[in-house]
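This is what each chain is made of:
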Amino acid sequence: MKMKVLIADKFPEQYIKKLRDSEIDVIYNPKLGENDLLEAAKEVDCLVVRSTIVNAATIENSQNLNLIVRAGAGVNNIDIKAANKKGVYVSNCPGKNSIAVAELAIGLMLALDRRIPHNVADFKAGKWNKGEYSKADGLFGKTLAIVGYGNIGKEVAKRAQAMGMNIYAKDISRIEGYGVKDFSEFDQIMPIADIVTIHLPATPQTKGLFNDAMFKLMKPGALLINTSRHDIIDEDALIKAIKEKNIKVGLDVFKGEPEAKDGPVSSKLQEIDNVYITHHIGASTEQAQNAVAEETVNIILRYIKSGVIDHWVNRAKITDTHYQLVVKHYDKPGVLAGILDVLRDGNINIEEIENIIFEGGLVACCTMKLKTAAAADMLESFRNNPNVITYSHVSL
Ligand code: 3PG
């Protein structure tokens, strides 16, 4: 039977064709919203979304859903907990739209420094104001703090380096390359940064990171760019900082962003000067969308052909395993089942298992991660099993 894939967001035509050419039944409906998915995704095997919300009800209501692909980077629009409960794979396309997001971040910095949107608006309104708009600072030599040094942060660093900025970056992982200096604490960097750009995922740890305390540390008149997720910034604290510290802001994400792809929009920030907001278009260049779509197609085809899920985000990173048992055995019917029987009889839970075959197909090696230790009599039975070549049992 053909695999059924629902694509519920804008997706390039040539990649839909690629899926169809691979005997996949593709339903393409980019207008679907969160509430439509409950019915629309009910009978599909795979769901592809960009920012459309995949809520718990959609996942619970689905009958065949096996894989959700986020055609983009952030997976905060997908209810991962609900996916975990039903064993639905969630994967994403990391790095594929990073350059596009970095380009927008740099664009917002330039726009703020030169007040490009105001410039253009005045011109269109028939106002010539060269005196006023000649007051830009320039970005060369400015101190830039990159908060979040993953795929996007690194692309921002490359571009900022070319523009002659003095770059600092902070990430959970190590900092490397492009003459970038690490900073460990916000109170070291915020008072000296002329520009702060945020490139973090939305997680419980990053929610509200930019609050009153953080804005207190920021240099007056600094530029703040956020092209990641809105809830990293506390909006009320931001408005206060704009008014009290003359912080100038470029955002691609904001509280109350409409789910619909077009229609009205309303935000407290509309009333405030020194804030430039774009329409969550960081990833929306043709180059980036093609790269994301290609990766999405690769994920789906590899899953169909080999069962492997690339960029599987809800795979447990830490499992409750304390022992590893590796058994090298003759690859004959019933041999592996016999080994598993021994463990079952000893009430041992296998958390993870992989059986790999040597060239020629005579011998296989089974690696198992166990919750509890195999007892001496079990190991004895492996030793006495003529189909077991060797085994090892170690605590992790
Ligand atoms: C992402 O997480 O990849 C970006 O926020 C892009 O979102 P979009 O696919 O809705 O444009």
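Residues numbered from 1 in each chain as written. Predicted model: local features only at pLDDT ≥ 70, side-chain atom pairs only at ≥ 80, totals over all residues. Heavy atoms only, no water.

**Some thoughts on the side chain of Ser-267**
- Along the chain, Ser-267 turns up in the loop between strand S11 (248-251) and strand S12 (275-277).
- You can call Ser-267 buried: its relative accessible area is 11%.
- Within the structure, Ser-267 has its side chain in polar contact with the backbone nitrogen of Leu-269 (distance 2.9 Å).
- Not counting residues within four places of it along the chain, the set of residues in contact with Ser-267 comprises Glu-235 and Phe-254. (Helix = DSSP H or I, 4+ residues; strand = E, 2+ residues; numbered from the N terminus. Buried < 20%, exposed > 50% of the residue type's maximum accessible area, 1.4 Å probe, protein only. Polar contact = N/O pair within 3.5 Å; in protein donor to acceptor, adjacent residues only side chain to side chain. Contact = heavy atoms within 4.5 Å.)

**With respect to a nonpolar patch on the surface**
- Judged by side-chain polarity, Leu-110, Ile-116 and Val-120 come together as a nonpolar surface patch covering roughly 220 Å² of accessible area.
- Structurally, Leu-110 is set in helix H5 (residues 98-114).
- Relative accessible area serves as the criterion here: at 35%, Leu-110 is assigned to the partly exposed category. (Patch = residues over 30% accessible without salt bridge, like charges linked within 9 Å, V, L, I, M, F, W, Y side chains within 5 Å. Areas by Shrake-Rupley, 256 points an atom, 1.4 Å probe, with all protein chains shown as cover. Salt bridge = Lys/Arg side-chain N within 4 Å of Asp/Glu carboxyl O.)

**Here's the deal with the packing of helix H1 (residues 13-21) against helix H12 (residues 286-306)**
- At a minimum axis distance of 9 Å, the contact between H1 and H12 shows a crossing angle of 10°. When the interaxial angle is binned, H1 and H12 end up roughly parallel. On H12, the residues touching Gln-14, Tyr-15, Lys-18 and Leu-19 of H1 are Asn-290, Ala-293, Glu-294, Val-297, Ile-300 and Leu-301.
- Among the residues making up the contact of H1 with H12, the classes are represented as six nonpolar, two polar and two charged. (Axes fitted to C-alpha atoms, helices over the stretch in contact; angles between N-to-C directions. Parallel < 35°, antiparallel > 145°, perpendicular 65-115°, else oblique. Nonpolar A, V, L, I, M, F, W, Y, C, P; charged D, E, K, R; others polar.)

**Regarding the pairing of strand S7 (residues 166-170)**
- Here strand S6 (residues 143-147) runs beside S7; their pairing, made up of five bridges, is parallel. In the sheet register, Val-147 faces S7, and the bridge partner there is Lys-170.
- At this point the chain moves from S6, through helix H8 (residues 151-162), to the parallel S7, and the crossover so formed is right-handed. (Pairing = 2+ DSSP bridges. Right-handed = clockwise from strand over helix to strand, strands pointing away.)

**Notes on the domain arrangement of the chain**
- For the chain, the assigned domains read domain 1 (4-96 + 287-306), domain 2 (98-282) and domain 3 (323-395).
- Residue-level contacts link 17 residues of domain 1 with eight residues of domain 2.
- Taking both partners together, domain 1 and domain 2 bury about 810 Å²; carbon and sulfur atoms supply 38% of that area.
- Looking only at domain 1, the three residues that lose the most surface to domain 2 are Ser-51, Asn-76 and Gly-95, adding up to 41% of its buried area.
- Summed over the shared surface of domain 1 and domain 2, the number is zero salt bridges.
- In this assembly, domain 1 and domain 2 are joined by four residue pairs in polar contact (both at pLDDT 80 or more). (Domains from an automatic or database assignment. Buried area = accessible area lost by both parts, 1.4 Å probe.)

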